[in-house]
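# Survey of secondary and tertiary structure
Below, each chain spelled out in residue letters.
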Amino acid sequence: MNALLLLIPLSLALFSVALAAFFWAVDAGQFDDLDSPAFRPLEDEPKAAACEPAVEKDR
Amino acid sequence: MATTGQELGTARCDHCGEPLPAAAPREVLAGEPRHFCCSGCAAAARLIHRHGLADFYRLRDRMEAPRPGAVADFGAWDGAEWLEPHLRRGEGGGLALTLGVGGMRCGACAWLIRRRLEGIPGVRHAAVELITGRLHLEWDPSRVTLSALLAALAELGYSPVLPGDPGAGERERTEHRRFLKRLAVAALGSMQAMMFAEALYLDLAGAMPLATRDAFRWFAFLLTTPVVFYAGWPFLAGMARELRQRAPAMDTLIASGTLAAYLGSLIETLRGGLHVWYDAAAMFVLFLLAARYLEWRQRAQARGLVDAIAGAEFRPALRYRADGTLEAVDPRVLVPGDMVLVPSGEALPADGRLLVDAELDESLLTGEPHPVARRAGESACGGSVPVGVAVRLAIERPSDQSTRATLARLAARALAARGAEGERAERIAVGFVSVVLILTLIACLAWILIEPGRAFEVTLAMLVVTCPCALTLALPTARSSVVAALARRGVIAIQPGSLDALARADHLLFDKTGTLSEGAPKLLAVRDLTGMGAEALAVASALAAGIAHPWRDAFGASDGRQAEHVRYLPGRGLEGRVGGTRYRLGHGDFVGGGDVLRLARVDGSAIAPIAEFEVDDPPRKDAAEALAALRALGLDIEIASGDASSRVARLARRLGVARWHGAMRAEDKLALLRKRRAEGRRVLAVGDGANDAPLLAAAEVSMALAEGASLSQRSADWVLLGARLSRIPEAIWLARRYRRVVAQNLAWAIGYNLIALPFAALGFIAPWLAALGMAASSLAVTANSARLLARARAGGGEGR
């Protein structure tokens, strides 16, 4: 019983922290676009262009 | 899928896919020779390669890119007054702006724009929303100007567009965030409350010490309070609103059930009574809030999709400055006297006087599929599109007084007059709720007199057992299911409340140009006059290849022949050299007489006709099929078009439609609608042009084609993607199914309550039994609604 007196307020405190963190994330705009991230894995990232590719004008 | 000119086989621009002219710019990029149709595409490709973004060509799934047009100076956007309402403060200083982007074709475009913009120093954040085509920009104004960013966008060929309503994006964002926060509180709170409730439930032997039991109850109270009052606020506020209007409906039912469970539990906790129902109150709020959120998201997505399809209201207009250079401005700031340049293929921003001869495609305004020739000095309407050559225009009326704006006002008036009809099912729900509340009140009072100890329990049992879920959950579920099923078939709901009207429609009013017909002239027949045979067609396609004119699509790709020195003379036609010989393609004396489209060879001053082409606007491939399916559903078909009567008659004959009207203006179509309504018919109007907007707004239920004018889409209840007419009978069939399911749900709800309510009123049903009954009933009703989601491939009708 004594354990519960400690554990329950502790879990409520954790619960509040979790909720506060979620609220912060929402306000920071992390959940604004829930559709586009689903397409991200489908995009290929190009190999890093180490230097500018040679561009010649041919006229 | 072919993504380069070489792969396509014919001579096409490597960037945008348009046919190549004779002197095509050539560049060697990444070690390969590339050909482009113009210097704009060449510049865009060079830019893409220079910034290491050449993967764009590999990523894209179709051979198309927007063609960079006259890149104007966006300087007018910096610090512009009309931009103020759209600008926001960015996170961490700086400015933020949400724009529409015209010309995005697929995910690769979104990727390209994002990578290009984020590479510019001073840009904090550039996010492109794929589904809605919106660009969210955040930048530091002290390091880079907005005009520089917009120029970067335009260099790639995309056009920045201001969304019509500056506040809408912001409002939607705020509402979305509020929903998420409420859902989080509801979910976490109800799970925690359930934890305590479980402990209390499992105490079957009643062995829990009272102190513990009370402690648990108070904890549950602590957790349920924010759920009921913060997460459940929309329902409480909704109930207050409904009671003020004396029209109790869903919100009243939900809120009263929740409050009853909550307050009752509080009283029992204080009294030390037998049962508490905190978890019921919390779960109630959670599930119904989740249903509401899903519904809201669906509607927001539909709105976003329509905005993206429409390409948003405003394209920047190209205005001439005093020194002759061009600047890009919001068309709303144009005043009479301004001179603008309108590239071919783009709409005139406002009514004005033409400064050059031109041919204008006025089909979205009048329904005429063939371009109309106008001379310099004549007036032209905002919204019409020049073909062949760019047009210089002197503005005569500000854009809010243009013809298009007048049509928009007519449509808005009609929409307002239609008013909030509401579905019949909702009206029944209102009646039901009122009856239940009155009966509950009576029973409550009766019990207070007879045996006050049980009064509250009975009241709670009555409110809970009446299964508000039959209405509050099942109706939205049914509606969401149908809306989702329709969206999968390419029919987007702008006004989901019009499902009922869609099911009850018995008369169809179709527009012709762009709706039943393709809207663009197609080559129907070739009459060979001199025996040149296929040569004539090849010459004609070569001539038509270089211009933005409906003929280019009608004649198709050339066989590699190039035409040189091609000139387009508005009102007359094309002239150019193919293989050394001069040819003309056009009408009238220009090609030796007659008013049929002709190809003629020019030798000095002699004009020798070679072939005649029959070009007309054919019906869509699935039009006949769709009309047959619609007749099978018991609907009458009528055509009302702005096009010439002879052409309408021809189409009507081909499609077997008995009643048709030609040469109709927007007002005439409205008059026809009123006539049919007076006859007692329920009209479904289908159209695509700006001149259809008033009709679409006024009809009981209406559908606009995604390829049509943005104004028509804003005035309609449904938007049809991909111009698949065969989806219309499918949509009607689904809407009728929806009505049947809703009727079934209502019948069940009423029947179940007729039995359960009296039992509850007489005290035979304990609250836990009531909760069980409610859960079982809700499940049955929701499962019934979910049937609508099923992919009925061959479900008894046109499900395809």
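Residues numbered from 1 in each chain as written. Chains lettered and ligands numbered in written order. Predicted model: local features only at pLDDT ≥ 70, side-chain atom pairs only at ≥ 80, totals over all residues. Heavy atoms only, no water.

All right, on to the overall build of chain B then. Counting its regular elements, chain B contains 27 helices and 29 strands. Within chain B, contacts between residues separated by at least 24 positions form 65% of all contacts whose residues are at least 6 apart in sequence. As displayed, chain B offers around 33100 Å² of accessible surface, 57% of which is attributable to carbon and sulfur atoms. (Helix = DSSP H or I, 4+ residues; strand = E, 2+ residues; numbered from the N terminus. Contact = heavy atoms within 4.5 Å. Areas by Shrake-Rupley, 256 points an atom, 1.4 Å probe, with all protein chains shown as cover.)

A few words on helix α22 (residues 645-655) of chain B. Turning to α22 of chain B, its buried residues number three or more, namely Arg647, Val648, Ala649, Leu651, Ala652 and Leu655 of chain B. Against the buried residues of α22 of chain B lie α18 (512-516), β24 (606-616), α21 (623-632), β25 (636-640) and β26 (659-661) of chain B. (Buried < 20%, exposed > 50% of the residue type's maximum accessible area, 1.4 Å probe, protein only.)

All names here are of chain B. Closest axis-to-axis distance for the helix α9 (residues 250-271)/helix α14 (residues 452-465) pair is 10 Å, and the angle between their directions is 150°. Considered as vectors, α9 and α14 are oriented roughly antiparallel to each other. Considering how the two elements wind past one another, α9 and α14 form a crossing that is left-handed. Between α9, through Ser256, Ala260, Ala261 and Gly264, and α14, the contact on the second element is made entirely by Phe456, Leu460 and Leu463. Classifying every residue of the contact of α9 with α14 by side-chain character gives 5 nonpolar, 2 polar and no charged. (Axes fitted to C-alpha atoms, helices over the stretch in contact; angles between N-to-C directions. Parallel < 35°, antiparallel > 145°, perpendicular 65-115°, else oblique. Left-handed = near helix turned anticlockwise from the far one by under 90°. Nonpolar A, V, L, I, M, F, W, Y, C, P; charged D, E, K, R; others polar.)

Below, the discussion takes up the sheet that holds strand β10 (residues 339-342) of chain B. Residues and elements named next belong to chain B. In spatial order, the strands read β9-β8-β10-β16-β11-β14; together these 6 strands make up an open sheet with antiparallel pairing. A strand with exactly one partner marks an edge of an open sheet, and here the two such strands are β9 (326-329) and β14 (379-380). Relative to strand β16 (residues 391-395), strand β11 (residues 352-354) is paired through 3 bridges, and the arrangement is antiparallel. Along β16, the bridge assignment pairs Gly352 with Ile395. (Pairing = 2+ DSSP bridges.)

The next subject is the environment of Met703 of chain B. All names here are of chain B. By the secondary structure assignment, Met703 is in strand β28 (residues 701-705). Between the alpha carbons of Met703 and Ile492 there is a distance of 9.4 Å; along the sequence they are 211 residues apart. Here Met703 is in contact with Val491, Leu684, Ala685, Val686, Gly687, Leu696, Ala716, Trp718, Leu720, Ile728 and Ala731, once residues within four sequence places are set aside.

Even without a glycine there, the phi angle at Ala663 of chain B is positive, about 55°. In this fold, Ala663 of chain B is placed in the loop between β26 and α23 (666-678).

Residues and elements named next belong to chain B. One finds Tyr278, Leu289 and Val465 to be the most contacted residues of the largest nonpolar core, which totals 65 residues. At 11 residues, the largest contribution of residues to this core is made by helix α10 (residues 278-310). Here Val465 is in contact with Tyr752, Asn753, Ala756, Ala760, Ile765 and Ala770, once residues within four sequence places are set aside. Formed by 50 residues, the second largest nonpolar core is a distinct cluster that contains Met250, Ala493, Leu684 and Leu788. (Core = buried A, V, L, I, M, F, W, Y, C linked by side-chain atoms within 4.5 Å.)

Residues and elements named next belong to chain B. Positionally, Asp279 belongs in helix α10. Summary of buried charges: Asp279 has no salt-bridge partner, and the nearest side chain of opposite charge, Arg217, is 10 Å away. Each residue touching Asp279, except ones within four places of it in the same chain, is listed here: Ala193, Met194, Ala197 and Tyr201. (Lys, Arg positive; Asp, Glu negative; His and termini not counted. Salt bridge = Lys/Arg side-chain N within 4 Å of Asp/Glu carboxyl O.)

All names here are of chain B. Counted by the stated rule, this structure contains 30 salt bridges over all chains. In this structure, Asp214 engages Arg213 in a salt bridge whose closest nitrogen and oxygen atoms are separated by 3.4 Å. Residue classification places Asp214 among the partly exposed positions, given a relative accessible area of 24%. Here the residues in one salt-bridge network are Arg319, Arg321, Glu327 and Asp338, joined through shared partners.

This part covers the packing of aromatic side chains. Residue and element names in this part refer to chain B. Per the counting criterion, the structure on display carries 10 aromatic pairs over all chains. Summarising the aromatic geometry, the rings of Phe196 and Phe219 are spaced 5.6 Å apart at their centres and angled 20° between planes, so their arrangement reads as stacked. Of this pair, Phe196 sits in helix α6 (residues 166-201) while Phe219 sits in helix α7 (residues 210-231), and the two are 23 residues apart along the sequence. On the accessibility criterion, Phe196 (3% relative accessible area) is buried. Between the aromatic rings of Phe221 and Tyr262, the centroid separation amounts to 5.7 Å while the plane-to-plane angle is 20°, which identifies the pairing as stacked. Here the residue Phe221 occupies a position in helix α7, and Tyr262 occupies one in helix α9, the gap between them amounting to 41 residues. With relative accessibility at 19%, the residue Phe221 sits in the buried group. (Phe/Tyr/Trp six-rings, centres within 6.5 Å; stacked < 30°, edge-to-face > 60°.)

Time to look at the environment of Leu150 of chain B. Residue and element names in this part refer to chain B. Among the structural elements, Leu150 can be located in helix α5 (residues 146-155). With a relative accessible area of 1%, Leu150 lands in the buried category. Along the sequence, Leu150 and Phe74 sit 76 residues apart, while their C-alpha atoms lie 6.8 Å from each other. With residues near it in sequence (within four places) discarded, Leu150 still touches Phe74, Trp77, Leu99 and Pro160.

Treat this as a map of the structure, not an account of what it does.
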